[in-house]
Structures are given as C-alpha cells and as structure tokens.
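# Inside the fold
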Amino acid sequence: MKLAAGGLAISIIVAGLQYFSPQQHRGRIMSFYIIISQTIPATSGIAAGIFAQILSPSTALIIFGLVIIFLVLLTLYKLQDIKQLEHFHP
C-alpha cells in the first residue's frame, strides 16, 4: 500500500509539473525533476550509511527520523503559498 501511495504522489507531481510548465520549458523542467528524483534518494542512502558507520545504527535511525519529522513540519508550514496556487506565471 505504501508503494502505491508513493507512486501515486510522484505521478501527481509529474502531472502537475507537466500541466503548469510552459511548453518551451517543459523538457528542461522534467529533466531537472528526473535528476533530482534519482540523486536525492541515492545521496540520502549514502549519508545514512555513513552516519550508521560513524555512530551506531540505532542512533543514526533516530537522527534521520528526527530530520524527516522536522522537514515534514517545515514543508507543511511553507506550503501554505503553494496550496493557494491557481496559475503558474513564469
């Protein structure tokens, strides 16, 4: 179920990017999205492995859990402007 929800969320993001991006910039925007969607998980995996090697795995898990919770709360706070978005004007 979690994989389906993740896939659905990514599909909605891609559809939104394609809908709101101007035709002349659409390919460039999608290429940046693809690069980001592949490098961020890989980088976070490497960082988690390094922290697990330096610290104990349980401590690294707690640290990354707190970082994720902080980023979710920050995102909920910062997304107020995006929730009100009706049109994208480049």
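The notes below deal with the structure included here. (Residues numbered from 1 in each chain as written. Predicted model: local features only at pLDDT ≥ 70, side-chain atom pairs only at ≥ 80, totals over all residues. Heavy atoms only, no water.)

### A short note on the overall build of the protein chain
Check the secondary structure of the protein chain and you find 4 helices and 0 strands. Scanning the protein chain from its N terminus toward the C terminus, one meets helices and strands in the order α-α-α-α. Counting only residues that meet the buried cut, the protein chain has 6% of its 90 residues in that class. Total accessible area computed for the protein chain in this model is approximately 7700 Å², and 74% of it derives from carbon and sulfur atoms. (Helix = DSSP H or I, 4+ residues; strand = E, 2+ residues; numbered from the N terminus. Buried < 20%, exposed > 50% of the residue type's maximum accessible area, 1.4 Å probe, protein only. Areas by Shrake-Rupley, 256 points an atom, 1.4 Å probe, with all protein chains shown as cover.)

### Regarding the packing of aromatic side chains
Going through the model one piece at a time under the given rule, you end up with 1 aromatic pair. Residues Phe51 and Phe64 carry aromatic rings whose centres are separated by 5.4 Å and whose planes lie at 85° to one another, so their mutual orientation is edge-to-face. Taken together, the residues span a long stretch of sequence, with Phe51 in helix α2 (residues 26-54) and Phe64 in helix α3 (residues 57-78) at a distance of 13 residues. The exposure class of Phe64 is partly exposed, given its relative accessible area of 23%. (Phe/Tyr/Trp six-rings, centres within 6.5 Å; stacked < 30°, edge-to-face > 60°.)

### Some details on a nonpolar patch on the surface
Residues Ile46, Ile50, Phe51, Ile54, Leu55, Ile63, Val67, Phe70, Leu71, Leu74 and Tyr77 make up a contiguous nonpolar surface patch of about 1000 Å² in total accessible area. Broken down by element, the nonpolar patch gets its largest block of residues, 6 residues, from α3. Within the element layout of this structure, Ile50 appears in helix α2. (Patch = residues over 30% accessible without salt bridge, like charges linked within 9 Å, V, L, I, M, F, W, Y side chains within 5 Å. Salt bridge = Lys/Arg side-chain N within 4 Å of Asp/Glu carboxyl O.)

### Details of the packing of α2 against α3
Viewed as axis vectors pointing N to C, α2 and α3 meet at an angle of 135°, and their least axial separation amounts to 7 Å. When the axis of α2 is compared with that of α3, the two are oblique. The two elements α2 and α3 cross, and the hand of that crossing is right-handed. Together, Ala47, Ala48, Phe51 and Ala52 of α2 and Pro57, Ala60 and Phe64 of α3 make up the contact between the two elements. Residue composition of the contact of α2 with α3, by class: 7 nonpolar, no polar and no charged. (Axes fitted to C-alpha atoms, helices over the stretch in contact; angles between N-to-C directions. Parallel < 35°, antiparallel > 145°, perpendicular 65-115°, else oblique. Left-handed = near helix turned anticlockwise from the far one by under 90°. Contact = heavy atoms within 4.5 Å. Nonpolar A, V, L, I, M, F, W, Y, C, P; charged D, E, K, R; others polar.)

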